[in-house]
Amino acid sequence: MAAVIADLIRRELETASQIVDHLRDDVETHAKLYEMAELCTNALKKRRKILLAGNGGSAADAQHWAGELVSRFYFDRPGLPALALTTDSSILTAIANDYGYDYIFARQIEALGNSGDVFIGLSTSGKSKNILDALQVARERGLCTLGFTGASGGDMPGLCEVCLRAPSDQTPHIQEAHEILGHILCALIERNMFLPGEKRRRLVKAAS
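Undergrad: Help me out: how do you make sense of the pattern of salt bridges in this one?
TA: It is possible for side chains of opposite charge to pair when their charged atoms get near one another. For the structure shown, the criterion picks out 10 salt bridges. Asp76 is the partner of Arg72 in a salt bridge, and the nearest nitrogen-oxygen pair spans 2.8 Å. Using a relative accessible area of 33% as the deciding quantity, one classes Arg72 as partly exposed. One network of salt bridges, in which partners are shared, links Asp7, Arg10 and Arg11.

Undergrad: Mind showing me how you'd approach the sheet that holds strand E3 (residues 118-122) here?
TA: In a beta sheet, neighbouring strands are held together by backbone hydrogen bonds and run either parallel or antiparallel to one another. Ordered in space as E2-E1-E3-E4-E5, the 5 strands form an open sheet in which the pairing is parallel. Edge positions in the open sheet fall to strand E2 (82-84) and strand E5 (162-165), since each of these has one partner strand only. With direction set aside, neighbouring strand axes in the sheet form an average angle of 15°. Bridge count for strand E1 (residues 50-53) against E2 is 3 bridges, and the pairing is parallel. Residue pairing for E2: Leu52 is matched across the bridge by Ala84. Each of E1, E3, strand E4 (144-149) and E5 touches helix H7 (residues 171-194); the most contacted strand, E4, lies at about 145° to it.

Undergrad: Could you clarify how one ought to interpret the environment of Arg77 in this entry?
TA: Inspection of the secondary structure puts Arg77 in the loop between helix H3 (57-70) and E2. Sequence separation between Arg77 and Asp7 is 70 residues; the distance between their C-alpha atoms is 44 Å. For Arg77, the side chain forms a polar contact with the main-chain oxygen of Glu68, separated by 2.9 Å. A polar atom in the side chain of Arg77 sits 2.7 Å from the backbone oxygen of Leu69.

Basis of the calculations
Residues numbered from 1 in each chain as written. Predicted model: local features only at pLDDT ≥ 70, side-chain atom pairs only at ≥ 80, totals over all residues. Heavy atoms only, no water. Salt bridge = Lys/Arg side-chain N within 4 Å of Asp/Glu carboxyl O. Buried < 20%, exposed > 50% of the residue type's maximum accessible area, 1.4 Å probe, protein only. Pairing = 2+ DSSP bridges. Helix = DSSP H or I, 4+ residues; strand = E, 2+ residues; numbered from the N terminus. Axes fitted to C-alpha atoms, helices over the stretch in contact; angles between N-to-C directions. Contact = heavy atoms within 4.5 Å. Polar contact = N/O pair within 3.5 Å; in protein donor to acceptor, adjacent residues only side chain to side chain.

The following block contains the structure:
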């Protein structure tokens, strides 16, 4: 293997490791994750649902996390109502054709969102127009709005009750951080919904 390739691999892994180290030690991020989990749990216990959306790699994250909640994460349990707004090609293309791409998620929230639901928007730049519009519509309809973005935050923080910023301005590394944070969020929601206090403590101890 050429030295230049080995160096590239090493640098990418070092950057990813630095981001993980930052997240591990960042108590503000921990507190925000806990708050997000509590908001999602409270909504689910009231028979509300979680809607998620993003573009490109963030669309894949939205679908991934919805799958973890509907199916399972660490253990078998009842499915949780979560829906990625990125998966129905007929809906997406109809809205994009009739109203424009910026409206593809906002329109679905108008159709599917109810007061008390949670909308999670993902945008690495924090400036994706269709995510910003969706957050605005969600707020107007009484949904709880949560966000995942990059270090700058873009325009998302003011539209979110809680907004997590990955400690990077590079899209691939923001997405890597989002994957870790999203998995932790799913684990916390699953734990809060289905484990009594003693089992929660045993699960945390086993994972540590």
